[in-house]
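Listed below, chain by chain, are the residues.
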There are 2 protein chains.
Amino acid sequence: MTAVPTIPGPVIHELKTLLGDDGFLTATTDREAYAWDNTGYRALPDAIALATSEEQICAILHLCHNHRVSVTPRGAGTGNVGGALAVQGGLVLSTQRMKHILEFSPADRYVIVEPGVVNHDLQKHLESSGLFWPPDPSSARACTVGGNIAMCAAGPGAVRWGVTRDWVLGLNAVLMDGTLIHTGGRTTKGVVGFDMTRLLTGSEGTLAVVSRAILKLAPRPEKRLLSRIAFPSVELAAAAVSTLLAARQPPSALEFLDGSALDLLRRETTLAIPKEARAMLLLEVAGGLHGLDAQIQEMINTILRFKPLEWTPPVDGSDAASVWQARSALSPILKKLAPKRINEDVVVPVSRLPALMAGLENISKDAGIPIINFGHAGNGNIHVNLLVDPQNEKIMSQVGGVLDRVFRLVLDLDGSLSGEHGVGTQKRDYIAWELDENCLSLQKQIKQVFDPLGLLNPGKIWPSS
Amino acid sequence: MTAVPTIPGPVIHELKTLLGDDGFLTATTDREAYAWDNTGYRALPDAIALATSEEQICAILHLCHNHRVSVTPRGAGTGNVGGALAVQGGLVLSTQRMKHILEFSPADRYVIVEPGVVNHDLQKHLESSGLFWPPDPSSARACTVGGNIAMCAAGPGAVRWGVTRDWVLGLNAVLMDGTLIHTGGRTTKGVVGFDMTRLLTGSEGTLAVVSRAILKLAPRPEKRLLSRIAFPSVELAAAAVSTLLAARQPPSALEFLDGSALDLLRRETTLAIPKEARAMLLLEVAGGLHGLDAQIQEMINTILRFKPLEWTPPVDGSDAASVWQARSALSPILKKLAPKRINEDVVVPVSRLPALMAGLENISKDAGIPIINFGHAGNGNIHVNLLVDPQNEKIMSQVGGVLDRVFRLVLDLDGSLSGEHGVGTQKRDYIAWELDENCLSLQKQIKQVFDPLGLLNPGKIWPSS
């Protein structure tokens, strides 16, 4: 694994010629503008290439490969695990200027896009057709489809529609040596050869750079209904989730907020929250214009067995949007309050949620570190936020041990270290806790097949040995 | 790629010791009983190992690896492309005796099974819970879950629920050298490392032998309604499919039969089919007890724009079952009438179905070979049956050219050579028509990573060079 800390002159010259002054950036201010992501960590790239076509991606990678320059692919930089950070310097290859929607077939329910199309812009484009692309990360207004695919992103809708891997039919992707490959196709079924589409989806830009994607679309629900259900304890809310999920009809979202998350919302938003509430569920159903009221009422009736404090009559439209806005504000609020908070997106089978919540409370008490939990309860996917004060040396010295306990707890509950954020730089030293040695070894060999020199997105996924 | 034609004495001795006389078969009658699959071709294995545990699978593969004996994994032998045929001799490793359901968590909607569990038996086991495993190949009463996973099987329900890869959460699998690996897990989300679960799903038993599977479950519909719609022409039926699929709510099945398929059903079943009908759609919707009638009626109204000859009032229960029975009988009837018929399961985007049907009719006329078409129109997945008479030398000499034309047509229509049957021995010489050279090369290298000696299921997928 070799990576050159600075980019050789001839490469700079060629990239400038290829991309123009506007498409190849080396000024310090530009480099700093591409040094961040959502982790709060920074890593300064040596230069940034802003590709505008698949041919340019091929040419850039081919050139960097020949000169042993490492390349970090980047979408909108909204990732949570350092995936888009050039931690070994080298070139950042941004696809954010590749925003074309190339082909749209409503009858076949697919759309073909360039990787830089913003998730939200795609949904807008599809709106009048009655179709949508289900992946809905909370960063949807900023994140790109290419980034969604690289990280196998998900959001609240995953409980009903699944994650990004379920909504990608095929890809064009470029290997580190500049070779273009095509995977999958325009059909909803296909079993010719290995499933390369899903091997690339979620590979965090370490195997290839997505240059084009064929996305599968779903009928957009005509109506959504949302109810908030407040509980006196986390345990009751968690137990309700598990029972609700065993019912016949899945909700379109089932979000969870613990007492500390509610305290934040009380302080920072206008959302009405009962005083005694120490947990809340946001329950959403989606579908056709008829029958939805009965459907959500049936679910609320199930929840009533768990003695909630109160539930709000189902709302839609702007009333629902303001609740979702408050939910989405949680991460930014936390980031403002505790810039160095540690955010882990662990996942357990939903029936283990009560045990997870109880375990996290113990860990928080033992360490004296506040932990705020919220997230996609319908998938057992909880965002565990450790609010640490970087000035407090005693606390900071404990963080490693606390994270160890959190991850051990999750794995003991048959869970996974990441439901939707990925590994990146943030969890690479824990990946061997979850994956067995043999499976890890196979994955490293697959990486070798795609990128023998280890130049593409180095320093990610695999443990720093 | 080395394969030993006969199994060395010490291996036979060890396998006998490991598996007993009942679990290790070498008699000619036994070998003949494992020489077939649904293709009609035969390949005699040298011996058969009937594993009853994961440990046995590891031991068998380890032993064969050390002695360079090739191994062909086998479920129920219902595959359509020769995947379970020991085309280079060696050992057949059957998992059909591994029938345990190991763990079932209704609240988490997963079940953990051994690979030999029959699809239909699994559904029976789940029935009272209100859940089911969506993959529904027409061989469901015989085929095993392990085989379903190896081939990424699908059936009529794929139009609504997707294919096997969408319903596998995790796997235990054994590499050719006897190494056990674990992929995925019990959660519905997870992005730690590459997606090895889906790399194995559909890899046709060439990468590893599945020894255990964690299956994702869905709520079983409470009710299903079926209507038959008869058309005067294939073109009108195909056009109706495409329009129907653009509507909001997906049907749970949308099957197509052409005029020749209807002729067969007229002759061999009691299904009422209008005399003038030259195509038929079977339209099924599934869901809760309420609202289904309105839903199917809305779809029928859409279809009426395409001037069908008639449609039957929606039926459920045994009335629907008898229609499905007739549909399922098509393949066996064809097999009886034309044992050497050639059955291809091509797939195109649904909007290209009219062009596919027109093209197939031209090919049939030009060659003087009757072609019967039916299948899963909702996914654009059509079973193209060439009725060839093996005694007719002139016809037989044309078959290669006709298949070439069929596949060229499908690829020109943005389709794929196989929607659900796979490649196996049957389409290996065509795979390079569909996959680009670079992608094919990567796949071969991935095969090398898993099975460097090329001993696991040799002679499948890759072109015979």
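Conventions adopted
Residues numbered from 1 in each chain as written. Chains lettered and ligands numbered in written order. Predicted model: local features only at pLDDT ≥ 70, side-chain atom pairs only at ≥ 80, totals over all residues. Heavy atoms only, no water. Domains from an automatic or database assignment. Contact = heavy atoms within 4.5 Å. Buried area = accessible area lost by both parts, 1.4 Å probe. Salt bridge = Lys/Arg side-chain N within 4 Å of Asp/Glu carboxyl O. Polar contact = N/O pair within 3.5 Å; in protein donor to acceptor, adjacent residues only side chain to side chain. Nonpolar A, V, L, I, M, F, W, Y, C, P; charged D, E, K, R; others polar. Buried < 20%, exposed > 50% of the residue type's maximum accessible area, 1.4 Å probe, protein only. Helix = DSSP H or I, 4+ residues; strand = E, 2+ residues; numbered from the N terminus. Arc of directions from axis to C-beta. Lys, Arg positive; Asp, Glu negative; His and termini not counted. Core = buried A, V, L, I, M, F, W, Y, C linked by side-chain atoms within 4.5 Å. Pairing = 2+ DSSP bridges. Axes fitted to C-alpha atoms, helices over the stretch in contact; angles between N-to-C directions.

(A) Just the domain arrangement of chain A, in detail. Residues and elements named next belong to chain A. Segmentation of chain A into domains returns domain 1 (9-97), domain 2 (101-219), domain 3 (223-331) and domain 4 (338-429). Averaged C-alpha coordinates put domain 1 and domain 4 at centres separated by 32 Å. Residue-level contacts link 7 residues of domain 1 with 8 residues of domain 4. Between domain 1 and domain 4 lies a buried interface of about 610 Å² when both sides are counted; carbon and sulfur atoms form 54% of it. The largest per-residue losses of area from domain 1 upon contact with domain 4 belong to Tyr 41, Asn 80 and Val 81, which jointly make up 69% of the total buried on that side. Here domain 1 is connected to domain 4 by 0 salt bridges. Where domain 1 touches domain 4, the interface holds 3 residue pairs in polar contact (both at pLDDT 80 or more). Among the residues making up the side of domain 1 that touches domain 4, the classes are represented as 3 nonpolar, 4 polar and no charged.

(B) Region of interest: helix H4 (residues 119-126) of chain A. Residue and element names in this part refer to chain A. Of all the residues in H4, the buried ones are Asn 119, Leu 122, Gln 123 and Leu 126. Down the axis of H4, the buried set is contained in an arc of 100 degrees. They therefore lie on one face. Check the buried side of H4 and you find it contacts strand E5 (101-105), strand E6 (110-113), strand E7 (131-132), helix H5 (145-151) and strand E10 (209-216).

(C) Structural view of the side chain of Glu204(A). Inspection of the secondary structure puts Glu204(A) in the loop between helix H7 (196-200) and E10. No salt bridge is formed by the buried Glu204(A), whose closest oppositely charged neighbour, Lys460(A), lies at an N-O distance of 7.5 Å. A polar side-chain atom of Glu204(A) sits 2.7 Å from the main-chain amide nitrogen of Val423(A). Ignoring any residue separated from it by four or fewer positions in sequence, one finds Glu204(A) in contact with Ala150(A), Met151(A), Gly422(A), Val423(A), Gly424(A), Asn457(A), Ile461(A) and Val191(B).

(D) Geometry of the nonpolar core. If you look at the biggest cluster of nonpolar residues, it comprises 186 residues, and the most contacted ones within it are Leu215(A), Leu356(A), Phe450(A), Leu215(B), Leu356(B) and Phe450(B). Filtering out sequence-adjacent residues up to four positions away, Leu215(B) remains in contact with Arg109(B), Tyr110(B), Val111(B), Val113(B), Leu122(B), Trp133(B), Val145(B), Ile149(B), Trp167(B) and Val168(B).

(E) Broad picture of the environment of Val168(B). All names here are of chain B. Mapped onto the elements of the fold, Val 168 is located in strand E8 (residues 168-174). Here Val 168 falls in the buried class, since its relative accessible area comes to 1%. C-alpha separation for the pair Val 168 and Ala 153, spaced 15 residues apart in sequence, amounts to 12 Å. Residues contacting Val 168, with those up to four places away along its chain left out, are Trp 133, Ile 149, Thr 197, Arg 198, Thr 201, Ile 214 and Leu 215.

(F) The sheet that holds strand E8 (residues 168-174) of chain A, seen in detail. Residue and element names in this part refer to chain A. Spatially, 5 strands are ordered E5-E6-E10-E8-E9 in an open sheet, and the strand pairing comes out antiparallel. Either end of the sheet is taken by a strand with one partner, and the two such strands are E5 and strand E9 (180-184). Sheet twist, expressed as the mean angle between neighbouring strand axes with direction ignored, is 10 degrees. Both E6 and E10 contribute to a ladder of 4 bridges, which runs antiparallel. Within E10, the position partnered with Ile 112 by the bridge is Ile 214. In the packing of helix H3 (residues 54-66) onto the sheet, the strands contacted are E8, E9 and E10, and the crossing angle to E10 comes to about 145 degrees.

(G) Just the pairing of strand E9 (residues 180-184) of chain B, in detail. Residues and elements named next belong to chain B. Bridge count for E8 against E9 is 5 bridges, and the pairing is antiparallel. Note on E9: the bridge partner recorded for Val 174 is Leu 180. Between E8 and the antiparallel strand that follows it, E9, lie 5 residues; Gly 178 among them carries a positive phi value of about 95 degrees.

(H) Molecular detail of the interface of chain A and chain B. Counting residues at the interface gives 82 residues for chain A, matched by 82 residues for chain B. With both sides pooled, the region where chain A packs onto chain B buries about 6400 Å², and carbon together with sulfur makes up 60% of that total. Broken down residue by residue, the surface that chain A buries against chain B is led by Lys189(A), Phe194(A) and Arg248(A), which jointly contribute 15%. Inspection of the chain A/chain B interface yields 6 salt bridges. Our enumeration of links across chain A and chain B arrives at 24 residue pairs in polar contact (both at pLDDT 80 or more). Contributions of two or more residues to the side of chain A that touches chain B are made by E9, H7, helix H8 (234-245), helix H14 (431-434) and helix H15 (437-450) of chain A. Residue classes in the side of chain A that touches chain B are distributed as 38 nonpolar, 27 polar and 17 charged.

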